[in-house]
Structure formats: structure tokens, C-alpha cells
Amino acid sequence: MYCAVGFHPNDVKDITEKDVEWLKDLAKSSPKVKAVGEIGLDYYRSVEFKDKQIEYFNIQLNLAKERGLPVVIHSRDAEEDTIKVLENHKNIGGVLHCFSGSLDFMRKGVEFGFYISYSGNITFKNAQNLREVVSKTPTFRLLIETDSPWLTPMPHRGKPNKPPYIWHTAKVMSELIPNSSLEDIDRTTSSNAKLCFGLGFDKNKDTITYVINNKLYINPTSKCNLHCSFCERETTQNFMVKGYWIWVKKDPDIEEIIQQIPDPNIYDEIVFCGYGEPTLRINVIKEVSKYVKSKSNTKVRVDTNGLFLAFGKKQDLEALKGFVDTFSVSLNAPDEETYNKVCRPPYKNAFSLVLDFIKLVKEMGFEVITTAVTYPGVDIDATEKLANSLGVKFRKREFEVVG
Ligand code: SF4
Ligand SMILES: [Zn+2]
């Protein structure tokens, strides 16, 4: 068990600077203190001392920063002021706890570097709006909590809440987060909590294979020949995807990968995909998918940026026939100008190389799905039209939703 220490907004009415000194000492009194909280603003119960709430919210945020601890934030009926305060305290890190706010508030929280923690109220009948917000929360920022004895999830609503009821909340969450099983929610929220509160999440272990929603993903490399502006490689380098840290410091060899797939039959699909470009290791794709097909009928997919023809040969793609079923190609734009802006390729003719790749693998008889991320400035409808004109399927991917 660990703890957070702080003055709750409903209790700040009578506190003084002396109490803050006491809190400072308490915050460093034990390694078990992992956060400063709950701190924040509550205009639902304590509207009469708003100014003092804001003052002590700021003071305690500074205290957390000084101590290098994350914060647990309570915000009730005070969205606007909470955002105003946090705008000056970006990247302290921590949690917006028992989140029940708007989509905009959630996105601001994510932008400011906070985790979004949901509790039993996402199971309530009248919480349709909140469920919509949950479904759009980036999974690398997703947390779950009880808030017991309050916010008891359905079907126990009305009784005092207790920790074992968390599964009801997790179940609803798994139905809201795309491509997620209950197990995925368990792992995602556990890993996120460990990372958020410094409870020993290991970022240094290479993730060669990982399972999400009963699909086995293979991460053959963390190298990439593109610099997409929306990619974590180019931004915050947070490689957490549904509870896994998707990175390999050393490219795994064929044997190492195969060792991690004793029985390919148990998966719905096997997918080459990571924060890197799988086709840079075309021989690994060939040998591993050959192995998969020798043991099972499980479908094999390669997620690619479609730039293989910039460095590879047609024959190497032909050699994948019968082993790879599908190519999922990041098209990402309806035209060259947008593509260059969004994906920032190192090759001049990159966009036409992607189109050539799509045509070629389609011609060879592979199933082809093109994708585009809903990134600002990308006309998704026009991108879908382009995909249709190439005779291939199209799937839109929500910006900031990975896995
Ligand atoms: S191709 Fe994929 S891994 Fe490479 S930069 Fe783009 S999104 Fe990231
Ligand atoms: Zn609270």
C-alpha cells in the first residue's frame, strides 16, 4: 500500500502556511508517499471559499513539483478554473481523479501530461456523455479507481463501494475502449499506474511480442525511415501501448521471435507492428510468417508505412505470398503536399512510392487495407476517396488512439 498526502479542497478553509510546512515534512517522511493529493477545486460542496481553494491548489502543486511527486487532482464543478490553474503547472504529472468532465477537459488534461482516472460512475445509466469521453481517452493515459466507499458501480449502486467491485467498472471500460479485452484494461491501467506513481514499471525490457485483444503483435525493429508528426517517436517518446512499452533496443533475431510463439493457433491474428517499420526486416517477416503458416491457419498482417520500394526489391514481396495475408498501409494523406507535411519523409517521391506499393501488393493478390490518422489538416474523406480509387479498403484511425 502507498499513499498520497494533501489538503482536499473541501478542507482548506481553516488551513494556514504552518500546515503547509507540516505537509512538506509529511511528503518526505516515507518512501511510501507516492503523490500529493487529493488537491484541487470543489465548487459543488465548498463554493464559499473559492479563492482560498485556488490559492492552496497552487501552493500544493508547487510543493509537489519541489518534491518531485505527481499529484492527485479532485475537480468538481470547477472545470474552467482547474484548467486555468493547471495551465501554469504542465508536466508535473499525476491524475485527474474520478473524472466526470467534458471531452475538452479530458483532452486538456492529456495535453498537460495527466492521467485520466475513471470510477464506478461510468457504469451509471445516465452517464452516456461520460462513456463517450472514456472511449476517446488515449490508452497510455487511462486509469481506473474505486473511490470507495463512493461511486459504487452497477449492479451494486446504492450499496457502499468496495475494491472488488472494480471489475464492473473495468468491464464497461473494455466495452468502450476500441480493440480491448478485460485483460487489456487490467494490464493497461496497472502499467499506467506503475509509471505514473513510480512503482517500478520497467521500460528497459525489450518488448519483442505482445498480445492485445487476442491478437499477437510482433515488434521486429524500432527503426523507422519516416518521421510522422503524430508519432510518439517524434513527440513525447511515450511508447506505452495498452500496458506494454513497445520498444526494442536490439532488433530481435528470427529465433528469438519464434521462441515467443509456441502455438500460433491460439491467436485471432498475428501482426507485425511496433514503433518502427517492419518491412526494414523483410526477411524476418518472411521466416516468421512461414513458421506461423507451417503450424496454423492464423491470419498474418504486416502494418507498414508503404515505403518498402524506396529500398527493397519486388521479389522480396513476392516471396511473402502464401505466408502474409494482409498489408495495412499508412496512406495518411490524399495528396503529396499533405503527405510530406504530415509524414515528413526523407525521400522526395515518397507519396508516389506509397501509391506504387499499394498497387503492387494489391496486384500480387494480398489483401490491402489503407489507413489514415485523423490528424489536423488531413482531409479524411478525400483520403478515403483516393483509397477507393485504388480499389483497396480504408480505415480511419483516431489521432492519439493507438493499439
Ligand atoms: S511510420 Fe509508424 S513508426 Fe514510423 S514515424 Fe510514422 S507512425 Fe512512427
Ligand atoms: Zn475526490
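Residues numbered from 1 in each chain as written. Chains lettered and ligands numbered in written order. Predicted model: local features only at pLDDT ≥ 70, side-chain atom pairs only at ≥ 80, totals over all residues. Heavy atoms only, no water.

Enquirer: Give me the overall build of the protein: which residues, what numbers.
Expert: Scanning the protein from terminus to terminus reveals 13 helices and 15 strands. For a compact globule of 403 residues, the expected C-alpha radius of gyration is about 22 Å, and the protein comes in at 24 Å, within 12% of that figure. Each principal axis of the C-alpha distribution contributes one length, and for the protein these read about 75 × 45 × 40 Å. The buried share of the protein, reckoned over its 403 residues, is 52%. Taking as baseline every contact in the protein between residues at least 6 positions apart, the subset at least 24 positions apart corresponds to 72%. Looking at the protein as shown, the accessible area adds up to about 18900 Å², and 49% of this sits on carbon and sulfur atoms. Measuring between centres, the 54 positive side-chain charges of the protein sit 3 Å from its 54 negative side-chain charges. (Helix = DSSP H or I, 4+ residues; strand = E, 2+ residues; numbered from the N terminus. Rg over C-alpha atoms; globule rule 2.2 N^0.38 Å. Buried < 20%, exposed > 50% of the residue type's maximum accessible area, 1.4 Å probe, protein only. Contact = heavy atoms within 4.5 Å. Areas by Shrake-Rupley, 256 points an atom, 1.4 Å probe, with all protein chains shown as cover. Lys, Arg positive; Asp, Glu negative; His and termini not counted. Charge placed at Lys NZ, Arg CZ, Asp CG, Glu CD.)

Enquirer: Now, about the packing of helix α1 (residues 17-27) against helix α2 (residues 50-67): what can you tell me, with residues and values included?
Expert: For the pair α1 and α2, interaxial distance at closest approach is 11 Å and the crossing angle is 30°. It follows that α1 is roughly parallel to α2 by the angle criterion. Read as a crossing pair, α1 and α2 show a hand that is right-handed. Contact residues: α1 offers Glu-17, Val-20, Leu-23, Lys-24 and Ala-27, while α2 offers Tyr-56, Ile-59, Gln-60, Leu-63, Glu-66 and Arg-67. (Axes fitted to C-alpha atoms, helices over the stretch in contact; angles between N-to-C directions. Parallel < 35°, antiparallel > 145°, perpendicular 65-115°, else oblique. Left-handed = near helix turned anticlockwise from the far one by under 90°.)

Enquirer: Please give an account of a negative patch on the surface that cites residues and values.
Expert: Where like charges cluster on the molecular surface, the negative patch consists of Asp-335, Glu-336, Asp-379, Asp-381 and Glu-384. Looking at the secondary structure, you find Glu-384 in helix α13 (residues 380-389). (Patch = residues over 30% accessible without salt bridge, like charges linked within 9 Å, V, L, I, M, F, W, Y side chains within 5 Å. Salt bridge = Lys/Arg side-chain N within 4 Å of Asp/Glu carboxyl O.)

Enquirer: Help me get a handle on the pattern of salt bridges, residues and values and all.
Expert: Counting across every chain of the model gives 18 salt bridges. Among the salt bridges present, the one from Asp-325 reaches Lys-293, with a minimum N-O distance of 2.8 Å. Placement of Asp-325 in the loop between α10 (314-318) and β13 (326-330) and of Lys-293 in helix α9 (residues 282-295) is noted, with a sequence separation of 32 residues between them. Among the charged side chains, a salt-bridge network with shared partners connects Lys-223, Asp-251 and Arg-281.

Enquirer: Any chance you could break down the nonpolar core for me, citing the residues and the numbers?
Expert: In terms of nonpolar packing, the biggest core is built from 69 residues, with Ile-261, Val-288, Leu-317, Phe-327 and Tyr-339 touching the most fellow members. Broken down by element, this core gets its largest block of residues, nine residues, from helix α12 (residues 350-363). Beyond its immediate sequence surroundings of up to four residues, Val-288 is in contact with Ile-218, Ile-254, Ile-257, Ile-258, Ile-261 and Phe-272. Of all hydrophobic cores here, the second largest spans 48 residues; its members include Val-36, Phe-49, Leu-69 and Val-110. (Core = buried A, V, L, I, M, F, W, Y, C linked by side-chain atoms within 4.5 Å.)

Enquirer: Help me get a handle on the domain arrangement of the protein, residues and values and all.
Expert: In terms of domains, the protein is made up of domain 1 (3-197) and domain 2 (209-397). Measuring from the centre of the C-alpha atoms in domain 1 to the corresponding centre in domain 2 gives 36 Å. Every contact between the two is made by 13 residues of domain 1 and, on the other side, 12 residues of domain 2. Summed over both sides, the interface of domain 1 with domain 2 buries roughly 1100 Å², with 46% coming from carbon and sulfur. (Domains from an automatic or database assignment. Buried area = accessible area lost by both parts, 1.4 Å probe.)

Enquirer: If you had to explain the coordination of the zinc ion (ligand 2) to someone new, which residues and values would you point to?
Expert: In this structure, Glu-38 (OE), His-74 (ND1) and His-97 (NE2) serve as the protein donors to the zinc ion (ligand 2), at separations of 2.0 to 2.1 Å. In the primary sequence, the donor residues of the zinc ion (ligand 2) line up as E-x35-H-x22-H. In this pair, Glu-38 sits in strand β2 (residues 33-42) while His-97 sits in the loop between β4 (94-96) and α4 (103-111), placing the two residues 59 residues apart along the sequence. Its relative accessible area of 8% is what places His-97 among the buried residues. (Donors = N, O, S within 2.8 Å, 3.2 Å for Na, K, Ca; no water.)

Enquirer: Describe the packing of aromatic side chains, with residues and values.
Expert: Inspection of the entire model under this criterion finds 14 aromatic pairs. Pairwise contacts between aromatic rings join Phe-201, Phe-239, Trp-245, Trp-247 and Tyr-275 into one cluster. Above the plane of the ring of Tyr-43 lies Lys-50, whose end atom (NZ or CZ) is 4.6 Å from the centre. For the cation-ring pair, Arg-157 lies above Phe-124, with the distance from its terminal atom to the ring centre recorded as 3.6 Å. (Phe/Tyr/Trp six-rings, centres within 6.5 Å; stacked < 30°, edge-to-face > 60°. Lys NZ or Arg CZ within 6 Å of the ring centre and 35° of its normal.)

Enquirer: Describe the environment of Ser-191, and please don't skip the residues or the numbers.
Expert: In this structure, Ser-191 sits in helix α7 (residues 182-197). Note on Ser-191: relative accessible area 8%, which makes it buried. Residues Ser-191 and Phe-201, 10 residues apart in the sequence, show an inter-C-alpha distance of 6.6 Å. Residues in contact with Ser-191, not counting those within four places in the same chain, are Phe-201, Met-240 and Gly-243. There is a polar contact of 2.9 Å between the side chain of Ser-191 and the backbone oxygen of Gly-243. (Polar contact = N/O pair within 3.5 Å; in protein donor to acceptor, adjacent residues only side chain to side chain.)

Enquirer: Break down the pairing of strand β3 (residues 71-76) for me, with residues and values.
Expert: As judged from the six bridges shared by β2 and β3, these two strands associate in the parallel manner. Bridge pairing in β3 links Gly-37 to Val-72. Where the polypeptide runs from β2 across α2 and back to β3, its parallel neighbour, the crossover connection is right-handed. Sheet analysis places β3 next to β4, joined by three bridges and oriented parallel. Its bridge partner lying in β4, Ile-73 is registered against Leu-96. Following the backbone out of β3, through helix α3 (residues 79-86) and into the adjacent parallel β4, one traces a crossover that is right-handed. (Pairing = 2+ DSSP bridges. Right-handed = clockwise from strand over helix to strand, strands pointing away.)

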